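The primary structure of each chain is shown beneath.
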Amino acid sequence: MSSSQVSDGKKRIVVLISGSGTNLQALMDACASHALPKARIVLVFSNRKAALGLERARTAFPPIHTDYLALVTYLKAHPGKTRVDYDIEVARRVLSAQPDVVVLAGWMHILSAEFLDVLHKGSSRGQDLPILNLHPALPGAFDGANAIDRAYAAFQAGEIKRTGVMVHRVVTEVDRGEPVVVREIEIKQEDSLQDLEARIHEVEHEIIVEATQQVLEQQR
Ligand SMILES: Nc1nc2c(c(=O)[nH]1)N[C@@H](CN(C=O)c1ccc(C(=O)N[C@@H](CCC(=O)O)C(=O)O)cc1)CN2
Ligand SMILES: NCC(=O)N[C@@H]1O[C@H](COP(=O)([O-])[O-])[C@@H](O)[C@H]1O
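So, how was this worked out
Residues numbered from 1 in each chain as written. Chains lettered and ligands numbered in written order. Predicted model: local features only at pLDDT ≥ 70, side-chain atom pairs only at ≥ 80, totals over all residues. Heavy atoms only, no water. UniProt positions renumbered as here; feature names shortened; annotations may be inferred. Helix = DSSP H or I, 4+ residues; strand = E, 2+ residues; numbered from the N terminus. Near = heavy atom within 4 Å. Polar contact = N/O pair within 3.5 Å; in protein donor to acceptor, adjacent residues only side chain to side chain. Areas by Shrake-Rupley, 256 points an atom, 1.4 Å probe, with all protein chains shown as cover. Nonpolar A, V, L, I, M, F, W, Y, C, P; charged D, E, K, R; others polar. Axes fitted to C-alpha atoms, helices over the stretch in contact; angles between N-to-C directions. Parallel < 35°, antiparallel > 145°, perpendicular 65-115°, else oblique. Left-handed = near helix turned anticlockwise from the far one by under 90°. Contact = heavy atoms within 4.5 Å. Pairing = 2+ DSSP bridges. Buried < 20%, exposed > 50% of the residue type's maximum accessible area, 1.4 Å probe, protein only.

The name an unreviewed UniProt entry gives the protein chain is Phosphoribosylglycinamide formyltransferase, with Dacryopinax primogenitus as the organism. Listed in UniProt under the heading Catalytic activity (unreviewed entry), the comment for the protein chain reads: "N(1)-(5-phospho-beta-D-ribosyl)glycinamide + (6R)-10-formyltetrahydrofolate = N(2)-formyl-N(1)-(5-phospho-beta-D-ribosyl)glycinamide + (6S)-5,6,7,8-tetrahydrofolate + H(+)".

Right, here's the structure in full:
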């Protein structure tokens, strides 16, 4: 049993969210089923106190530990501190859960190099600690926020015929880390934005589990 596994022998997943947490729910369901039976979510962290995903974790059975810290709240409480200091504090809280994998599931905050550095230096897995992000676009297509809206507008402008979803490793450059799982998504002429969003979200819920399973299986 690796040092970061707890007495129950399960792999430890930390999930970072900012919103409704439907992808978190997919991971929760997977841990309770055949999909991820040897893993459990040990911490759900949010940068938004009101994130519905926190409630999903709190009301789970058994309940999942939650924590949150908003950037603005942190900066007001610590005059002179910076966004990087915030990132370091977030990293320290994530580390306290001794993760085997960290998953950004709708985490809407660009993380500094210092976040990654603190995690990798503080983790018993070092540089091998997988830090994953779910992004609703193909590699290099629509980096950043609002990717689905931008893809839909590009389709309507005749610039693209399809889009996609990926889970990638997190590096400092936003959405440019090595892809772990990539799925192309068809855009139909009759699609509304809502139709495309629904098709994308359905695939997201699959590949966030697939990618997490894949990196955990690669660990000793
Ligand atoms: N260093 C990295 N940080 C993050 C990555 C990454 O690959 N490397 N992925 C993003 C997730 N993401 C897209 O997948 C993303 C999320 C948010 C933003 C963004 O512009 N955020 C703004 C605030 C927006 C808001 O609060 O609504 C910001 O951080 O100032 C871009 C991309 C997560 N982090
Ligand atoms: N750039 C990151 C990004 O856009 N992430 C997106 O946020 C949503 C989170 O939904 P959820 O809170 O219901 O899981 C998902 O659609 C995810 O792809």
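The discussion continues.
(A) Spotlight on the UniProt feature "coiled-coil region" (unreviewed entry) in the protein chain. The UniProt record annotates "coiled-coil region" (unreviewed entry) at residues 186-213. Across residues 186-213, helical content stands at 75% and strand content at 4%; the span's end C-alpha atoms are separated by 25 Å.

(B) Summary view of the site of ligand 1. If you check the shell around ligand 1, you find 18 residues, and the closest are Arg83, His109, Ile110, Leu111 and Asp175. Aspartate 175 is positioned with one of its backbone polar atoms (N or O) 2.8 Å from an oxygen atom of ligand 1. Its free accessible area being 700 Å², ligand 1 has 78% of it covered by the protein chains. In terms of residue class, the shell around ligand 1 is built from 9 nonpolar, 6 polar and 3 charged.

(C) Representation of the packing of helix H1 (residues 22-31) against helix H7 (residues 193-217) in the model. Packing of H1 against H7 leaves a shortest axis separation of 9 Å and a crossing angle of 55 degrees. In terms of orientation, H1 lies oblique with respect to H7. For the crossing formed where H1 meets H7, the hand is right-handed. Across the interface between the two elements, Thr22, Asn23, Ala26, Leu27 and Ala30 from H1 touch Glu204, His205, Ile208, Val209 and Thr212 from H7. Taken together, the residues that form the contact of H1 with H7 break down as 5 nonpolar, 4 polar and 1 charged.

(D) Here's a closer look at the sheet that holds strand E2 (residues 39-46). Sheet architecture is open: 7 strands sit in the order E3-E2-E1-E4-E5-E6-E7, paired in mixed fashion. If you trace the sheet from one side to the other, it starts and ends with strand E3 (66-68) and strand E7 (179-186), each paired once. If you compare each strand with its neighbour and ignore which way they point, the axes differ by 20 degrees on average.

(E) Representation of unusual backbone geometry. Between phenylalanine 61 and the following residue, proline 62, the backbone shows a cis peptide bond with an omega angle of -5 degrees. Relative to the assigned elements, proline 62 resides in the loop between helix H2 (52-58) and E3. At glutamine 98, a residue that is not glycine, the phi angle is positive and equals roughly 50 degrees. Structurally, glutamine 98 is set in the loop between helix H4 (83-95) and strand E4 (101-104). Accessibility expressed as a relative area gives 47% for glutamine 98, which makes it partly exposed. A positive phi is found at aspartate 175, a non-glycine position, where the angle reads about 65 degrees. Relative to the helices and strands, aspartate 175 resides in the loop between strand E6 (162-169) and E7.

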